[in-house]
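The chain contents come next:
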Amino acid sequence: MQHISLKAVTAIALGTLSLGMLSGCGGESPAPTAPDTSAETTVTPSGEGGTLIIRANGEDFVREGFTTKDGWEIEFDNVFVSLADITAAQTDPPFDPEAGTELQAKAEVKVKGTQVVDLAEGDASAEPIPVAELEAPAGRFNALAWRMVPADSGPAEGYTIWMQGTATKDSETVPFTIKVNEELAFTCGDFVGDDRKGILTAGNTADLEATFHFDHLFGDGGAPAADSINTGALGFDPLFALAKGGVVDVDSAALQAGLSEADYTTFLSILPSLGHVGEGHCEEVQLTSL
Amino acid sequence: MTGALALGMVGWGLPVLAHGLTLDHRWVNSVEVQATFETGEPMVQAQVLVYAAGNPSEVWQQGTTDDQGRFSFVPDATLPGNWEVMVRQAGHGAIATIPVGTVSTAPANGSKPDMTPGVEVGSAPNSLISPITNLSPVQRGITIGSVIWGLIGTGLFFARGKR
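Reading guide: rules and limits
- The residue count restarts for each chain, going from 1 along the sequence in the order it is written.
- Working convention: letters from A go to chains and numbers from 1 go to ligands, in the order in which they are written.
- For this predicted model, a pLDDT threshold of at least 70 governs which residues receive local features, and a threshold of 80 or more governs which side-chain atom pairs are given and counted, while totals over whole chains, interfaces and linings are taken from all residues.
- Remark: hydrogens and water are excluded; side-chain values derive from all non-hydrogen atoms of the structure.
- Strands here mean DSSP runs of E at least two residues long; helices mean DSSP runs of H or I at least four residues long; both are numbered from the N terminus.
- In this scheme, a residue with accessible area under 20% of its type's maximum is buried, one over 50% is exposed, and one in between is partly exposed, where area comes from a 1.4 Å probe on protein chains only.
- The predictor rates its confidence in each residue with pLDDT, a number between 0 and 100.
- Contact criterion: two residues are considered in contact whenever any of their non-hydrogen atoms come within 4.5 Å of each other.
- Along the arc lie the directions from the helix axis toward the C-beta atoms.
- Only a pair of cysteine sulfur atoms within 2.5 Å counts as a disulfide in this structure description.
- Should DSSP find at least two bridges between two strands, the strands are regarded as paired.
- Lines fitted to C-alpha atoms define the axes here, with helix axes fitted over just the stretch in contact, and angles between the N-to-C directions of these axes take values from 0 to 180 degrees.

Asks: Which residues make up unusual backbone geometry, and what values do they have?
Replies: With an omega of 10°, the peptide bond running from aspartate 92 of chain A to proline 93 of chain A counts as cis. Relative to the assigned elements, proline 93 of chain A resides in the loop between strand E4 (73-90) and strand E5 (107-110). Even without glycine at this site, glutamine 45 of chain B takes up a positive phi of about 55°. When its relative accessible area of 52% is taken as the criterion, glutamine 45 of chain B is described as exposed.

Laid out in structure tokens, this is it:
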């Protein structure tokens, strides 16, 4: 499985470097200095602010389709995700989801209610799906958290993730519907990607993005078989094996009943790795705590 | 932090050269970032973007990690605060926040400057530092001797008369 959390990007040494002089100057290291982890938590927006747009993004895998690790061409018609308690926060020191610490916000804004969005909406050039617009205090929103709860209405009602599309391999096309009802909760740090996000100045607009990496579930046929994105993925073959009448239509209960124990374990272990902020990793605190 | 140091300070009597030679000597702080996947596998040739404190929108320096997932840079000590290093590769990425403090001016006697680094310090030698700071006394002697011998040779070359 592609465990995408980087163990660390850490500064491990700060030393002295003598440039231009060939005689050594000693190799002693300075004494360690622990970072200050105390932070004052204030949760009420105040002062001048701007507009913060929260977006959801299934990336090109969802909008354009892709080839799974086992050679299925996947096209999505809809990928509904049900998001709740979306919270954008300013943190200092910056929240690190891999440090095992709690997110402590200096300021935060929340989206009320549950939002169900279709990540497959729009073509390849479409902007990530807007989920909400919030008035927010100026500052750096370098943390984002959300829960995934069963949708209370619409086609995805009762499910946290609802995927529908077609899978094609060797001239065989299989319609599929995969319905997931496991609840998830992601707590993430700063967005990692081509652009910096969440930097909000007074009177202006900034955005944040909840990103979903569905290649973790299916694998990526464009990557080497030995790549962790493939070794850790379920692929589509195990789902195809559950087809009835040429159609795959499964929910979490059917997956538990139909998949091998190893494949079902893989499926469950992938869910907590779906949520990202761009390429940045999140901590999943709901399913992994069961 | 920057000082000019005549080579004569090494302690050997050198010939006075018509072509003066001065080597600059500068103390700097170097930060080394180690990027690894959860498996421990290094992020080789990953993109690295460095953002100075107070300016998270503009890339201050960029580069790539080496074959061990390491990247070193020298932050501008006049910009104290939280520096950020973003490392990305094949759809995976992370950001490290590195508090950078102030560095006092190096003492005139060449001893180590006072530092307030504010980052975790490992015992592993910095790849940029080790070739210089880890020299044994014998190696230092050989190095210094080689430089002096080169200077003497250069001096004799220019001191020779026209034939």
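Asks: Kindly report on the confidence of the model for chain B, identifying the contributing residues and their values.
Replies: Parts of the model with low pLDDT should not have their predicted coordinates read in detail. Residues and elements named next belong to chain B. Residues at a pLDDT of 70 or more form 46% of chain B, whose mean pLDDT is 67. Contacts from residues 1-17, a stretch scored under 50 in pLDDT, to residues over four places away or in other chains number 28 contacts. Per-residue pLDDT stays below 50 along residues 103-135; that stretch engages in 83 contacts with residues further than four places along the chain or on separate chains. Confidence metrics for the complex model read pTM 0.74 and ipTM 0.80.

Asks: Please give an account of helix H6 (residues 261-270) of chain A that cites residues and values.
Replies: All names here are of chain A. Within H6, burial applies to Tyr264, Phe267 and Ile270. The arc that holds the buried residues of H6, viewed along the axis, is 125°, so those residues lie on one side. Every exposed residue of H6 that faces more than 90 degrees away from the buried side is listed here: Glu261 and Ala262. Its buried side turned inward, H6 meets strand E11 (172-180), helix H2 (215-218) and helix H5 (252-258).

Asks: Give a detailed account of the state of the cysteines, specifying residues and quantitative values.
Replies: Residue and element names in this part refer to chain A. By the definition in use, this model includes one disulfide over all chains. In this model cysteine 188 forms its disulfide with cysteine 282; the gap between the sulfur atoms is 2.0 Å. Disulfide cysteine 188-cysteine 282: torsion about the S-S bond near 100°, hence right-handed. Taken together, the positions of cysteine 188 in strand E12 (residues 184-188) and cysteine 282 in strand E17 (residues 280-284) put the pair 94 residues apart, joining distant regions of the chain. A single burial state applies to cysteine 188 and to cysteine 282, both of which are buried.

Asks: Tell me about the sheet that holds strand E6 (residues 81-89) of chain B, and name the residues and values.
Replies: Residues and elements named next belong to chain B. With respect to topology, four strands assemble into an open sheet ordered E4-E3-E6-E7, the strand pairing being antiparallel. Edge strands, defined here as strands with exactly one partner in the open sheet, are strand E4 (61-64) and strand E7 (92-100). Each neighbouring strand pair of the sheet contributes to a mean axis angle of 20°, computed without reference to strand direction. Across five bridges, the pairing between strand E3 (residues 47-51) and E6 is antiparallel. What sits directly across from valine 50, in E6, is valine 85.

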